[in-house]
Amino acid sequence: MYQKVKRLLDILISLTALVVLSPVLLATALLVRVKLGSPVIFHQERPGYHEKIFKLCKFRTMTDARGADGALLPDEQRLTRFGKMLRSTSLDELPELWNILKGDMSLIGPRPLLVRYLPYYTKEERRRHDVRPGLTGLAQVNGRNALGWEARFAYDLEYVDHLTFGMDLKIV
């Protein structure tokens, strides 16, 4: 039952946030366009609910700089100061509100990881896909990137096993 209420809340909150934050979204988009070029929005495939692949939307944080051989330079060389600021403030994640509105994601849930990690999940770790991935989750509020993979997955599974309105409120 809570899953249906949660989806309704996701729609209402993401739609409201998109409207309220539209000046921030517009300003960020313009700055990304001026400082990093096009496209402004970066799309990346991620596994979602029941491992269905969807395109995650984020503001671009890196340039398309290439080496003499024509290959993209390593990420750390393409990530600009502006891009680091977008990431550190999580402004790069605001376009994910669109993913939430569409139903690819939820406000709260395990963060969607890269598709290339799917073959390495254990049967138990795959259960993280029994719920929609989230903009934030239990692992993010308990250490984010400072956590190792084991701890992240443990928090993700704790969330899946104890999905309640109270848990979501606690995370918010």
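The structure under discussion appears in the preceding block.
Residues numbered from 1 in each chain as written. Predicted model: local features only at pLDDT ≥ 70, side-chain atom pairs only at ≥ 80, totals over all residues. Heavy atoms only, no water.

With respect to the side chain of K6
Then comes step 1: Mapped onto the secondary structure, K6 falls in helix α1 (residues 2-20).
Then comes step 2: A polar atom in the side chain of K6 sits 2.8 Å from the side chain of D168. (Helix = DSSP H or I, 4+ residues; strand = E, 2+ residues; numbered from the N terminus. Polar contact = N/O pair within 3.5 Å; in protein donor to acceptor, adjacent residues only side chain to side chain.)

As for the environment of I100
Then comes step 1: Summarising the element assignment, I100 is placed in helix α5 (residues 96-102).
Then comes step 2: Among the residues examined, I100 registers a relative accessible area of 0% and is labelled buried. (Buried < 20%, exposed > 50% of the residue type's maximum accessible area, 1.4 Å probe, protein only.)

Quick look at the pattern of salt bridges
Then comes step 1: Tallied over the entire structure, the rule returns 13 salt bridges.
Then comes step 2: The salt bridge partner of R126 is E51, with a shortest N-O separation of 2.8 Å. Note that R126 is positioned in the loop between β3 (106-108) and β4 (134-136) and E51 in the loop between β1 (41-47) and β2 (53-59), a separation of 75 residues in sequence.
Then comes step 3: Owing to a relative accessible area of 29%, R126 belongs among the partly exposed residues under this scheme.
Then comes step 4: With its nearest N and O atoms 3.6 Å apart, the salt bridge here joins K58 to E93. Of this pair, K58 sits in strand β2 while E93 sits in the loop between α4 (81-88) and α5; the two residues are 35 residues apart in sequence, bridging distant segments of the chain. (Salt bridge = Lys/Arg side-chain N within 4 Å of Asp/Glu carboxyl O.)

Focus on the side chain of R46
Then comes step 1: Mapped onto the elements, R46 comes out in strand β1.
Then comes step 2: One buried charged residue, R46, forms no salt bridge at all, with the nearest opposite charge on E96 at 6.7 Å.
Then comes step 3: At 2.5 Å, the side chain of R46 forms a polar contact with the side chain of Q44.
Then comes step 4: When neighbours within four sequence positions are excluded, R46 is seen to be in contact with K52, I53, F54, L56, P112, L113, L114 and V115. (Lys, Arg positive; Asp, Glu negative; His and termini not counted. Contact = heavy atoms within 4.5 Å.)

Regarding the nonpolar core
Then comes step 1: One finds V32, F59, L97, Y159 and I171 to be the most contacted residues of the largest nonpolar core, which totals 26 residues.
Then comes step 2: At the level of elements, α1, α2 (22-36), β2, α4, α5, β3, α7 (149-161) and α8 (165-171) are the ones that each hand at least two residues to this core.
Then comes step 3: A total of 4 residues in this core trace back to one element, the largest contributor, which is α2.
Then comes step 4: Those residues in contact with I171 that lie beyond four places of it in its chain are I108, T136, G137, L138, V141 and Y159. (Core = buried A, V, L, I, M, F, W, Y, C linked by side-chain atoms within 4.5 Å.)

Just geometry here; none of it tells us what the structure is for.
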